[in-house]
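The primary structure of each chain is shown beneath.
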Amino acid sequence: MSKRKPGAEPRPEVSRRSFIKGVGAGGIGTTLLASQALAAEQTVDPNLGRVDGPGAVPVTLNVNGETIEMNVEPRETLLDALRQGKTPDNEYVDLTGNKRVCDRATCGACSMLLDGEMIYGCSVLAVEAQGAAITTIEGLGTPESLSSVQEAFIEHDATMCGFCTPGMVIAVTTLLQNNSSPPHEQIQKALDGNICRCGTYAKIFQATDAVAAKMRGART
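What comes next concerns the included structure. (Residues numbered from 1 in each chain as written. Predicted model: local features only at pLDDT ≥ 70, side-chain atom pairs only at ≥ 80, totals over all residues. Heavy atoms only, no water.)

### So, the environment of Asn62
Of note, Asn62 is situated in strand 1 (residues 57-63). Look at Asn62 and you get partly exposed, because its relative accessible area is 32%. Sequence-wise, Asn62 and Thr135 are 73 residues apart; in three dimensions their C-alpha atoms are separated by 8.6 Å. For Asn62, the contacting residues outside a window of four places in its chain are Ala132, Ala133 and Ile134. (Helix = DSSP H or I, 4+ residues; strand = E, 2+ residues; numbered from the N terminus. Buried < 20%, exposed > 50% of the residue type's maximum accessible area, 1.4 Å probe, protein only. Contact = heavy atoms within 4.5 Å.)

### Points about unusual backbone geometry
We note that Asp157 has phi near 55 degrees; this positive angle belongs to a residue other than glycine. Positive phi, normally seen in glycine, also occurs at Met160, with a value near 50 degrees. In this fold, Met160 is placed in the loop between helix 4 (148-155) and helix 5 (165-178).

### Let's talk about the environment of Lys99
As for its placement among the helices and strands, Lys99 is situated in the loop between helix 2 (78-84) and strand 3 (111-114). The class of Lys99 is partly exposed, set by a relative accessible area of 24%. Between the C-alpha atoms of Lys99 and Ile137, which are 38 residues apart in sequence, the distance is 10.0 Å. The contacts of Lys99, once residues within four sequence positions are left out, are Leu79, Arg83, Ala109, Cys110, Phe163 and Pro166.

### Quick notes on the pattern of salt bridges
Scanning all chains against the criterion turns up three salt bridges. Close ionic contact of Arg75 with Glu73 constitutes a salt bridge, the shortest N to O distance being 2.7 Å. Its relative accessible area of 66% is what places Arg75 among the exposed residues. A salt bridge links Arg100 to Asp103, with the nearest nitrogen and oxygen atoms 2.8 Å apart. (Salt bridge = Lys/Arg side-chain N within 4 Å of Asp/Glu carboxyl O.)

### Some points on the environment of Lys214
Within the element layout of this structure, Lys214 appears in helix 7 (residues 201-219). According to the relative accessible area criterion, Lys214 is exposed, its value standing at 55%. Considered as a pair, Lys214 and Ser148 are 66 residues apart in the sequence and their alpha carbons are 8.9 Å apart.

### Some details on the sheet that holds strand 4 (residues 117-120)
With mixed pairing, five strands are arranged side by side in an open sheet as 2-1-5-3-4. Strand pairing shows two members of the sheet lacking a second neighbour, strand 2 (66-72) and strand 4, which therefore form its edges. Along the sheet, successive strands turn relative to each other by an average axial angle of 40 degrees, direction set aside. Looking at chain direction, strand 1 and strand 5 (residues 133-135) are connected through two bridges and run parallel. Bridge pairing links Val63 to Ile134 in strand 5. (Pairing = 2+ DSSP bridges. Axes fitted to C-alpha atoms, helices over the stretch in contact; angles between N-to-C directions.)

See below:
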């Protein structure tokens, strides 16, 4: 039995039952607060629109000038949706030109255009791309009618294994749309986000220079 000093306040007695009741009440209170916080997070501002998911939702994408309807999960990237997504008729979209290589927005193989700006398809959600004009490598040209950049890549042997080529063509196309006389330093900067593991950068520079020269000649 513990001894108290004279004049000390008596300590309250805590029984096992009262301790358990106190812990239970505290746990219920914490759970209630957490539930309220979660409900507040899920409350949607009507100005922000609806909440999609977690299952597949219908989306409408404008890809290479065509309207494509499909069902995608909100977490699905634009790259995956275009490569392996299905239309309501259960047909694959099958736009596999842009490659899924690093899937970490570091290699540039999945580069495509969103309203004229180059983006990584692996880092943009398909639901976010609705309402924008999407251009993939297929939208720049076809085997029967190649773009000038695609022709130059073939002519100057800048393709090699081909995994980086779609992203490189997109990057060079974007560069030349803004500047028809880029110095090598600017070409290098434009390709900073695109990796060629075959090391064909010199050939890519030659192809870019060739297209730029043709553009300048056409304008003069």
